[in-house]
Amino acid sequence: MKMNVENPWISKLIALFFAIVLFSFVAYENESRNLSTNPTDGASITSSEVITNLPIDINVDRDTYFVSGIPETATIRLEGPQAILTQTLATQNFTVETPDLDELGPGSHTIELEVEGLSNQLEYSVMPAEVMLEIEEKRVEEYEVRVEFNESAHLEDGYRAEDPILSTETVTISGALSTMEEISDVMVVVMPEGGSITEDIETTLNVLALDETGDPLNVNISPQQIDVTIPVRGTQRTLPIVLEESGVPNEDYEYALEIAQGEPENVTITGESDTIEELNNFVIEVDVSGVTESTIRTIPLNLPEGITETEPEELDVLIRVNKVEPAETDNGTE
């Protein structure tokens, strides 16, 4: 069958067909040119990311005001071009912060958190969206630190605790005026593990600021921790020294024991109260084995059971030696 190209409708249809083909070709070429000059690198791809546990910067004059009610961290959701979002997450050059709270002044306020340092091509939302806070005048004061220690619950019978030694006896406390007025006690609580303690207690403890009911208060304490040493001593008693001869003496000599010049005549003992009360003196045994001439010996003081410490710990003893003269017989001979 022959097509009648002289028919005007046929000519119009053919022209329309070629027009559509030409338009499609031009559009394709333009798209190809755009792709070649602006290659797809992710910049046109939109993505989102959620970041948690971001610290919140509080914009306030901390020497004048005390702010409460603001959470420690916030969560933000970022959305925008993938390339910019990736770079933002890598550098983390942004902060979550409050508006200038100095402009609000004392009182209760509701604020919206802000994110600073983001590209203007990124959109964000913050959780929590709003924060209710309290701004109060700040007070700074010094307090002495009290030590609480239950001596009877932790020390061995016969031992006592002496005055505690602190790395610092005072701390600086700052907080809201209304809260500072509630401070009733500033203390550390010494709670060593177990009982039957006979040695010094050394520990590092948090300082507590409490109200009159014993509940902790929301204040800043500097320093927050201090070192505490509690000297532990047993019951003490001073006893006279008694020297006793021991060992194997030489039969050709006789011995006399004396406390050397300049040495104490009494000893101070520390230990369990029941043991100490039973003693009337402190016996020091002096070994004279092998001694044939007068000499001074340094004798360590042995600790009887129930005694933990002596002062002094050793004693110089003079051993006087005299030769025994042989006995004479009736006829004047030995």
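On a predicted model such as this, the values are computed, not experimentally measured, just so you know.

*Asks:* Would you mind going over the overall build of the protein chain in detail, with residue names and values included?
*Replies:* If you tally the helices and strands in the protein chain, you get five helices and 24 strands. In the protein chain, which comprises 334 residues, the proportion classed as buried is 30%. Partitioning the contacts of the protein chain with sequence separation of at least 6, the portion at a separation of at least 24 is 72%. Accessible surface, the protein chain: about 21900 Å² in total, of which carbon and sulfur atoms supply 46%.

*Asks:* I'd like a rundown of the nonpolar core, residues and numbers included.
*Replies:* Counting residues in each nonpolar core, the largest one holds 26 residues, and the members touching the most others are V145, I173, V186, V188, V190, V207 and V228. Residue assignment for this core shows that the elements contributing at least two residues are β9 (146-149), β12 (170-176), β13 (185-190), β14 (201-206) and β17 (225-230). Among all residues touching V186, those that are not within four sequence positions of it are Y143, E144, V145, R146, V171, I173, V207 and L208. Ranked by size, the runner-up nonpolar core spans 24 residues in total, among them I51, V115, L122 and I135.

*Asks:* Residue-level account of the side chain of E136, with values.
*Replies:* Mapped onto the elements, E136 comes out in strand β8 (residues 130-144). Buried charge E136 goes without a salt bridge, the closest partner of opposite sign being R139 at 10 Å. Among the polar contacts listed, one links the side chain of E136 to the side chain of S178, at a separation of 2.6 Å.

*Asks:* Lay out the packing of aromatic side chains with the relevant residues and their values.
*Replies:* Taken as a whole, this structure holds zero aromatic pairs when the rule is applied. Sitting above the plane of the Y253 ring, K323 keeps its charged end 5.1 Å from the centroid.

*Asks:* Now, about the sheet that holds strand β7 (residues 123-127): what can you tell me, with residues and values included?
*Replies:* Taking strand neighbours across the sheet as the criterion, the five strands line up as β6-β4-β1-β3-β7 in an open arrangement whose pairing is mixed. The open sheet has two edge strands, β6 (114-116) and β7, and neither has a second partner. Strand-to-strand twist across the sheet, computed as the mean angle between neighbouring axes with direction ignored, equals 35°. Pairing analysis gives two bridges linking strand β1 (residues 46-57) to strand β4 (residues 95-97), with the strands arranged parallel. Residue I56 lies in a different strand from β4, and its bridge partner there is V96. In the packing of helix α2 (residues 82-91) onto the sheet, the strands contacted are β1 and β3 (73-81), and the crossing angle to β3 comes to about 150°.

*Asks:* A description of the sheet that holds β17 should follow, citing residues and the corresponding values.
*Replies:* Strand order in this open sheet of three strands is β11-β17-β14, and the pairing throughout is antiparallel. Strands at the two margins of the open sheet, each flanked by one partner only, are β11 (165-166) and β14. The pairing of β11 with β17 spans two bridges and is antiparallel. Along β17, the bridge assignment pairs I165 with T229.

*Asks:* An account of unusual backbone geometry is needed here, citing residue identities and associated values.
*Replies:* Of note, the bond from S222 into P223 is cis; its omega dihedral lies within 30 degrees of zero at -5°. Locating P223 in the fold gives a position in the loop between β16 (220-222) and β17. Look at the link from E311 to P312: it is a cis peptide, with omega at 10°. For P312, the location among the structural elements is in the loop between β23 (307-311) and β24 (314-323).

Reading guide: rules and limits
- Numbers given to residues run from 1 along each chain, matching the order in which its sequence is written.
- Where totals are concerned, whole chains, interfaces and linings use all residues; where local detail is concerned, this predicted model gives features only for residues with pLDDT of at least 70, and gives and counts side-chain atom pairs only at 80 or more.
- For side-chain calculations, the full set of non-hydrogen atoms in the structure is used, while hydrogens and water are omitted.
- Strands here mean DSSP runs of E at least two residues long; helices mean DSSP runs of H or I at least four residues long; both are numbered from the N terminus.
- For every residue, the accessible area obtained with a 1.4 Å probe (protein chains only) is divided by the maximum for its type, and the residue is called buried under 20%, exposed over 50%, and partly exposed between those limits.
- By definition, residues are in contact when any of their heavy atoms lie within 4.5 Å.
- The method behind every accessible area is Shrake-Rupley, applied with a 1.4 Å probe, and residues are considered shielded solely by the protein chains displayed.
- To qualify as a nonpolar core, a set must consist of buried Ala, Val, Leu, Ile, Met, Phe, Trp, Tyr and Cys residues joined through side-chain atoms within 4.5 Å.
- Only four residue types enter the tally: Lys and Arg on the positive side, Asp and Glu on the negative side, with His and both chain ends excluded.
- Salt bridges, as used here, are contacts in which a Lys or Arg side-chain nitrogen is within 4 Å of a carboxyl oxygen on Asp or Glu.
- Polar contacts, as used here, are pairs of N or O atoms within 3.5 Å; protein pairs need one atom able to donate a hydrogen and one able to accept it. Residues neighboring in sequence count only if both atoms are side-chain atoms.
- Pairing of aromatic side chains here covers Phe, Tyr and the six-membered ring of Trp, requires ring centres within 6.5 Å, and sorts the geometry by plane angle: under 30 degrees stacked, over 60 edge-to-face, intermediate tilted.
- For a ring to carry a charge above it, either NZ of a lysine or CZ of an arginine must fall within 6 Å of the ring centroid while also lying within 35 degrees of the normal to the ring plane.
- Criterion used throughout: strands pair if DSSP finds at least two bridges between them.
- Throughout, an axis means a line fitted to C-alpha atoms (over the contacting stretch in the case of helices), and angles, computed between N-to-C directions, take values from 0 to 180 degrees.

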